[in-house]
Structures are given as C-alpha cells and as structure tokens.
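Structural description and commentary
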Amino acid sequence: MKTNFPDYKTEFPDYRLFSMRYRSRAATYLLAAFVLILLGYYLPRLLPGDFVTAMYSGSPVILTAEQEAELQAHYAAKEGLGRYLLSLFSLDWGFSYAFSAPVSSLIFSALPWTLFLVGGAHLIATLFGFIAGVEAAWRRGPLEKGWVGLMTFLEGAPEIATGVLLLLVFALYLGWFPAAGGETAYAKYGFLRWVLDVLHHTALPFVTLFLAYLPGNFLLARGSMVVTLKSPFLKTAQAKGLPPLRVRYGHAARNALLPVMTRFGLRFAFMLTGALVVETIFSYPGLGTLLFKSIALRDLPLIQAIVLFSSLMVLAINMAMEILYRRLDPRVQDER
C-alpha cells in the first residue's frame, strides 16, 4: 500500500548532507574516545619508578633483589595493553594494587565528594559571577571599577595561596573550621547532624574554589554585557517601552550568557581532577586526592582509570555543551 509520507532523501536535498555531517561528528567523537583510551594506558607509564619500589621504599620490610624483581614481573604481567583493552570492553576497570579494592569502587566512592565540592562551588560561582557581571555592566560607575579591580586581583591569586591562607587563619589560628577531611572520623551522627558536619568540613575548600572560579565568570559576563549593550536591538527594546528588568535580562543578559556557558562547560569538564591542589591541601576525600595518592604509590591501574574516566567526562561534556550552545543561540547553525 502506498503511503503519503515524504521521502526525506528526495523531498529535502539537505537531508543527506545533514545526516553525513552528524555521522562524521559521531565518528570523530568515537575516534577521540579511542585515542583517550590509549593515552590513559600509556601516559601513566611515563612516570618514573614502579609500584613495588614506591610501596616498599619507606617500609620496614626489606626485599632482596630477587624478590623485588619477582614482584615487578608479577605486576608487569597484569599490565599488558591487550589485557587492558579487553578489561575495558568487559567493563572491568581493574584492581588497585595499593588499596586492594576494585578501581571502579574507589572512583565512585570518591566521585560524590568531588561533585559536591567542586560542582557546587563551580555552579554557585558561575551564577553569582554572571549576575554580578550583568549588574556591574548595567550600572557603570566608580563601584563597577572597584569590583573590576578586586576581581582582577582575585583572578591572579593562585588557589594554593588562597587555600593555605584560609587554612592557617580560620582552621589553625581561629579554630572555626576543621583543618582536614570531609567528615568527622568515627562519629555516629543522625542524618541532619551528619549533613551539618559535612558542610562544616567543606566550608574552607568550598570558599577557596569559589574565590578561584568567581573572578573569571564575573569579568567574562561583564565584558560580554558591555559589548551587548552597544547593540541596536537593545535600543529597539527600550523604545518599545519594555521594563528595564526585561531588557536587562530577557534581551541583553541572554546574549551575554553564551560565552559564560562555554566557560562553564569547559571548567566543569576539568573539575574532576582540577581541584587536586585544593583537595590535597585540606585532605578532602575526593577524586583529586585519590589521584594524588595513586601517583605517589605508582598504582598504575588506579591512575589510568582516573585519567581515562576524567578524559571521557571531558569528551562527554564537550558534546553536551555543543548541543546546549545550539539550543541557547538559534543563530548557530551547521556550516553549509
């Protein structure tokens, strides 16, 4: 029976080009994922030393040369590329030498801590920085110049300096906050008390990351807003008698949002291991601290799993940001 449905390949000349373009992009991302898998295997092996040397160098256990060589051969036999690829296809991320636990369980036990700390700081700093940047560009004057100067100063301050300063003042000198950890060890709290305890431990690393992320978002939003305010369509919107708040956020801020969203995606993609310094300073039980410990112990299965997991997250978030960017700005179209 003949149907009335159109044949897209004949009725729409661009259908084939559209389909080929997206198949090409999908192939590009798959190729990038395969390259990341290979890099996740080879890069950790560029580190000097090995697990046996790192594990027993400061230990009271003394190994003979034969025992050390036998242990090194034992662990090297588990680290072939073919075995690594087969384990990935079977969704087996490996087994940690140093922690004697599956790598996947170690990663997914540390991941919520990093998402809570770094994701929360990144999200709030983006929202606050965007709104403050929009308001600063809209209300030009001496106060705006002062904010720009302060944010420029904070942008140049390294995270390690801010973290150490907060640690010395508010944890060690004043004693207002814990100096390390994500929760009180061995404490038996109810759920609400446990949440408050976690927030108490997270306060200093959160403020450190917030102060690190805020200036860039503020300066970018303000700069984009200043350029957008010169656009003719805003004069048209004001001439129509639209409320100032609608003109500011419904028209001007919407266009200034695009570069901020791009920055948000790029910074969010690297947040899993981007807070390694801050997590290490405060001994926070996140993915950055886990990566630091695995590198110190030369735990290759754990290092390569964290590197691969973070790299694939970067790739996935880049794909998501590409789609979101096109939804936010209808002017962005595929190149013909």
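For the rest of this paragraph, the subject is the overall build of the chain. Broken down by element type, the chain carries 15 helices and zero strands. Residues counted as buried form 36% of the 336 residues belonging to the chain. A fraction of 75% describes how many contacts in the chain between residues 6 or more apart in sequence connect residues 24 or more apart. Accessible surface for the chain amounts to roughly 20000 Å². Of this, 68% is attributable to carbon and sulfur atoms.

This part takes up empty space enclosed by the protein. Taken as a whole and judged by the stated rule, the model has one cavity of 30 Å³ or more. When its volume is computed, the largest cavity comes out at roughly 30 Å³. Taken together, Tyr 84, Ser 87, Leu 88, Asp 92, Trp 93, Pro 301, Gln 304, Ala 305 and Leu 308 make up the lining of the largest cavity. Contributing elements (two or more residues each) for the lining of the largest cavity: helix H5 (81-89) and helix H15 (300-328). Element by element, the count of residues in the lining of the largest cavity is highest for H15, at four residues.

Quick look at the side chain of Thr 202 now. If you trace the backbone, Thr 202 turns up in helix H9 (residues 191-228). Apart from the residues within four sequence positions on either side, Thr 202 is in contact with Phe 116, Leu 117 and Tyr 284.

As a further point, take a nonpolar patch on the surface. A cluster of nonpolar side chains, Ile 160, Val 164, Leu 165, Leu 168, Val 169, Leu 172, Tyr 173, Leu 174, Trp 176 and Val 277, forms an exposed patch at the surface whose accessible area comes to about 980 Å². Tallying contributions element by element places helix H8 (residues 159-173) first for the nonpolar patch, with seven residues. Along the chain, Leu 165 turns up in helix H8.

Taken as a whole and assessed by the stated rule, the structure comprises seven aromatic pairs. Ring centres of Phe 191 and Trp 194 lie 6.2 Å apart, and the angle between their planes is 35°; this geometry places the pair in the tilted category. You can see Phe 191 and its partner Trp 194 sitting in helix H9, three residues apart, about one turn around the helix. The exposure class assigned to Trp 194 is partly exposed, which follows from its relative accessible area of 34%. Geometrically, the ring pair formed by Phe 206 and Phe 210 is stacked, given 6.4 Å between the ring centres and 10° between the ring planes. Of this pair, Phe 206 and Phe 210 both sit in helix H9, four residues apart, which is roughly one turn of the helix. Classification of Phe 206 by relative accessible area gives partly exposed; the value is 23%. Residue class for Phe 210 comes out buried when judged on its relative accessible area of 18%. Among the aromatic residues, ring-to-ring pairing joins Phe 128, Phe 206 and Phe 210 into one connected group.

Turning next to helix H7 (residues 142-156). One turn of the α-helix equals 3.6 residues, which is why residues spaced by three or four share an orientation. For H7, which comprises 15 residues, the first-to-last C-alpha distance of 22 Å matches the rise-based estimate of 21 Å (1.5 Å per residue) to within 8%. Packed against the buried residues of H7 are helix H6 (103-138) and H9.

What follows deals with the layout of surface pockets. One way to see where empty space is left: roll a probe the size of a water molecule over the atoms. Reported here for the second largest pocket is a volume of approximately 210 Å³. What lines the second largest pocket is Phe 99, Leu 106, Ser 109, Ala 110, Trp 113, Ser 283, Tyr 284, Pro 285, Gly 286, Thr 289, Leu 290 and Lys 293. The dominant element in the lining of the second largest pocket, judged by the number of residues it contributes, is H6, at four residues. Split by residue class, the lining of the second largest pocket holds seven nonpolar, four polar and one charged.

For the rest of this paragraph, the subject is the packing of H6 against helix H14 (residues 287-296). Relative orientation of the contacting elements H6 and H14 amounts to 135°, with a least axis distance of 7 Å. With respect to H14, the axis of H6 lies oblique. Between H6, through Leu 106, Ile 107, Ala 110, Leu 111 and Thr 114, and H14, the contact on the second element is made entirely by Leu 287, Gly 288 and Leu 290. Looking at the contact of H6 with H14 residue by residue, the class counts come to six nonpolar, two polar and no charged.

Let's shift gears to the side chain of Asp 197. With respect to the element layout, Asp 197 can be found in helix H9. Of the side chains with opposite charge, Arg 193 comes closest to the buried, unpaired Asp 197, at an N-O distance of 6.5 Å. For Asp 197, the residues in contact, after removing those within four places along its chain, are Gly 182, Glu 183, Thr 184 and Tyr 189.

A few words on the packing of H8 against H9. Helix-helix packing: each pair is described by the crossing angle between the helix axes and the interaxial distance. Their axes nearest at 9 Å, the elements H8 and H9 cross at an angle of 145°. Relative to H9, H8 is oriented so that their crossing is right-handed. Here H8 contributes Glu 159, Thr 162, Gly 163, Leu 166, Leu 167, Phe 170 and Ala 171 to the contact with H9, which in turn contributes Leu 204, Val 207, Thr 208, Leu 209, Leu 211, Ala 212 and Tyr 213. Along the lines of polarity and charge, the residues of the contact of H8 with H9 split into ten nonpolar, three polar and one charged.

Among the nonpolar cores identified, the biggest contains 23 residues, and Val 118, Leu 209 and Tyr 213 are the most heavily contacted of them. Of all the elements in the fold, those that place two or more residues in this core are H6, H7, H8 and H9. Here this core gets eight residues from one element, more than from any other, and that element is H9. If sequence neighbours within four positions are ignored, Leu 209 has contacts with Leu 117, Val 118, Ala 121, Glu 159, Ala 275 and Val 278. With 14 residues, the next largest nonpolar core counts Val 103, Ile 107, Leu 287 and Ile 306 among its residues.

Reading the values: the criteria
- Residues numbered from 1 in each chain as written.
- Predicted model: local features only at pLDDT ≥ 70, side-chain atom pairs only at ≥ 80, totals over all residues.
- Heavy atoms only, no water.
- Helix = DSSP H or I, 4+ residues; strand = E, 2+ residues; numbered from the N terminus.
- Buried < 20%, exposed > 50% of the residue type's maximum accessible area, 1.4 Å probe, protein only.
- Contact = heavy atoms within 4.5 Å.
- Areas by Shrake-Rupley, 256 points an atom, 1.4 Å probe, with all protein chains shown as cover.
- 1 Å grid on protein atoms, 1.4 Å probe; cavity = no way out; pocket = protein on both sides within 12 Å on 5 of 7 lines; lining within 4 Å.
- Points joined across faces, edges and corners; volume = space filled by probe spheres on them.
- Patch = residues over 30% accessible without salt bridge, like charges linked within 9 Å, V, L, I, M, F, W, Y side chains within 5 Å.
- Salt bridge = Lys/Arg side-chain N within 4 Å of Asp/Glu carboxyl O.
- Phe/Tyr/Trp six-rings, centres within 6.5 Å; stacked < 30°, edge-to-face > 60°.
- Expected span 1.5 Å × (residues − 1).
- Nonpolar A, V, L, I, M, F, W, Y, C, P; charged D, E, K, R; others polar.
- Axes fitted to C-alpha atoms, helices over the stretch in contact; angles between N-to-C directions.
- Parallel < 35°, antiparallel > 145°, perpendicular 65-115°, else oblique.
- Lys, Arg positive; Asp, Glu negative; His and termini not counted.
- Left-handed = near helix turned anticlockwise from the far one by under 90°.
- Core = buried A, V, L, I, M, F, W, Y, C linked by side-chain atoms within 4.5 Å.

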